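Each chain is listed here by its residues.
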Amino acid sequence: MLIDTHAHLNDKAFDADRAGVMERSLAAGVERFVEIACAPGDWAPGEAFAAAYPASVRLAFGVHPEYIKDLAPDWLPGLKACLAKPAAVAVGEIGLDYWWEPGRRDEQFALLRAQLPLCAESSRPAVFHARNGRESGQNAYADLLAELKGWAYSPSRRFRGVLHCFSGSWADAKAGLDLGLALGVNGTFTYKNNHDLRETVRRAGAANIVLETDCPYLPPQSARGRRNDPSFIPEIAAMTAGHLGLSNSQLADRTSANAFDLFGEF
Ligand SMILES: [Zn+2]
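Residues numbered from 1 in each chain as written. Predicted model: local features only at pLDDT ≥ 70, side-chain atom pairs only at ≥ 80, totals over all residues.

Caption draft 1: View of the overall build of the chain. A tally of regular secondary structure across the chain gives ten helices and eight strands. Projected onto the principal axes, the alpha-carbon positions of the chain cover approximately 45 × 40 × 40 Å. Here the chain, with 266 residues, has 48% of them falling under the buried criterion. Within the chain, residue pairs in contact and separated by at least 24 positions form 73% of the contacts whose partners lie at least 6 positions apart. (Helix = DSSP H or I, 4+ residues; strand = E, 2+ residues; numbered from the N terminus. Buried ≥ 20, exposed ≤ 12 C-beta atoms within 10 Å, placed from the backbone. Contact = placed C-beta atoms within 7 Å.)

Dropping the structure here:
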């Protein structure tokens, strides 16, 4: 079994053929999906989407820093209500974005700090977004991981969260692993120039990674410039397996077990 642990299938990019994309992805061996509903406007549609695929789709509910300016005053009770739904498996994606700078850093930290306690309250892990800035020294990973040193959430399972679409250094990855976080590996792993990322993932090891697409963004090398979707997971998995010296089925088993260690089995 393969799992796409981070998809935005409710994006309008899929409005014309969402059911067809799901059919192709399931036929490609991708059997579970975590849909990321990361803006208040995504929460109800996300729930409806998951309800259409009760055997295979679960949800992360949260507020991505990108939506910091659009929040209604009562967003937090609404989010708590979503996290109480049976289809909810994570809080996310939440974090810090120093590339687009959607809000001042103190505003981004405030939004992150408002959501971190929801993990302990709802017994759900976090899906973290971190993107470094354009200038060197603008390290969103370092700031996020420093903040998480004080994060009071200790689940019974192996992982407390995931650094989705990991693109940081080995030092950031190691700090994340030490905090009980998995690393999300997606199409960026296949990009020609991403040698450092491949080496970081190799050092992290198969025990600590989960697969994802972040679709409709970030297709693998073979489809760059096109829309991404979960049917590309086998391609990302095969390249990761080759790099880690595992068979495709070993890599699939390992990463799916990791995903269930993160989100719970479904
Ligand atoms: Zn995402």
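The structure having been displayed, the exposition proceeds.
Caption draft 2: Broad picture of the pairing of strand β7 (residues 181–185). Among the five residues of β7, five are classified as buried, and the element is accordingly described as predominantly covered. Side chains of β7 alternate between two faces, with Leu 181, Leu 183 and Val 185 and Ala 182 and Gly 184 buried alike. Judged from the three bridges that link them, strand β6 (residues 161–163) and β7 form a sheet pairing that is parallel. Counterpart to Leu 163 in the pairing with β7 is Leu 183. Between the parallel pair β6 and β7, the chain is carried across by helix α7 (residues 170–178), and the sense of this crossover is right-handed. With three bridges joining them, β7 and strand β8 (residues 209–211) adopt parallel strand pairing. Opposite Leu 183, over in β8, you have Ile 209 as the bridge partner. (Pairing = 2+ DSSP bridges. Right-handed = clockwise from strand over helix to strand, strands pointing away.)

Caption draft 3: Just the nonpolar core, in detail. Counting 76 residues, the largest nonpolar core has Ala 60, Phe 61, Val 91, Val 162 and Leu 183 as its most contacted members. Ranked by residues supplied to this core, first place goes to strand β4 (residues 88–97) with six residues. If we ignore the near neighbours within four places in the chain, the residues touching Val 162 are Thr 5, Val 127, Phe 128, Leu 181, Ala 182, Gly 184, Val 210 and Leu 262. (Core = buried A, V, L, I, M, F, W, Y, C linked by C-beta atoms within 7 Å.)

Caption draft 4: Here's a closer look at the packing of helix α9 (residues 233–244) against helix α10 (residues 248–263). Close contact between α9 and α10 brings their axes to 9 Å; oriented N to C, the two are set at 105°. Judged by the angle between their axes, α9 and α10 are roughly perpendicular. Judged by residue contacts, Ala 237, Ala 238, Thr 240, Ala 241 and Leu 244 of α9 engage Asn 248, Gln 250, Leu 251 and Ala 252 from α10. (Axes fitted to C-alpha atoms, helices over the stretch in contact; angles between N-to-C directions. Parallel < 35°, antiparallel > 145°, perpendicular 65-115°, else oblique.)

Caption draft 5: Expanded view of unusual backbone geometry. Put simply, Gly 92 and Glu 93 share a cis peptide bond, and its omega is -5°. In this structure, Glu 93 sits in strand β4. For the bond from Cys 215 to Pro 216, the omega torsion is 10°, close enough to zero to count as cis. One can find Pro 216 in the loop between β8 and α9.

Caption draft 6: Fine view of the sheet that holds β6. Across the sheet, which stays open at both edges, the eight strands sit in the order β1-β2-β3-β4-β5-β6-β7-β8 with parallel pairing between neighbours. Bordering the open sheet on either side are β1 (2–7) and β8, each of which pairs with just one other strand. Averaged over all neighbouring strand pairs, the angle between strand axes comes to 30°, with direction disregarded.

Caption draft 7: The arrangement of the packing of α7 against helix α8 (residues 195–204) in detail. Between α7 and α8, the shortest axis-to-axis distance is 10 Å and the interhelical angle comes to 30°. Relative to α8, the element α7 lies roughly parallel. Between α7 and α8 the crossing geometry is right-handed. Note on element contacts: α8 touches α7 through Thr 200, Arg 203 and Ala 204, opposite Trp 170, Ala 173 and Leu 177. Residues that form the contact of α7 with α8 fall into these classes: four nonpolar, one polar and one charged. (Left-handed = near helix turned anticlockwise from the far one by under 90°. Nonpolar A, V, L, I, M, F, W, Y, C, P; charged D, E, K, R; others polar.)

Caption draft 8: Up close: helix α2 (residues 40–52). Considered for burial, the residues of α2 that qualify are Asp 42, Trp 43, Gly 46, Phe 49 and Ala 50. Structurally, α2 contributes buried residues whose contacts are with β2 (30–37), β3 (57–61) and α3 (75–83).

Caption draft 9: Structural detail: the environment of Gly 168. If you trace the backbone, Gly 168 turns up in the loop between β6 and α7. A count of 24 C-beta atoms within 10 Å places Gly 168 in the buried class. Between the C-alpha atom of Gly 168 and that of Ile 68, which follows or precedes it by 100 residues, the distance is 23 Å. Look past the residues within four positions of Gly 168 in its chain and what remains in contact with it is Ala 130, Tyr 141 and Ala 173.

Caption draft 10: Representation of helix α6 (residues 140–148) within the structure. Of all the residues in α6, the buried ones are Ala 140, Tyr 141, Leu 144, Leu 145 and Leu 148. Buried positions in α6, seen along its axis, are confined to an arc of 120° and lie on one side of it. For α6, the secondary structure elements touched by its buried residues are β4, β5 (126–131) and α7. (Arc of directions from axis to C-beta.)

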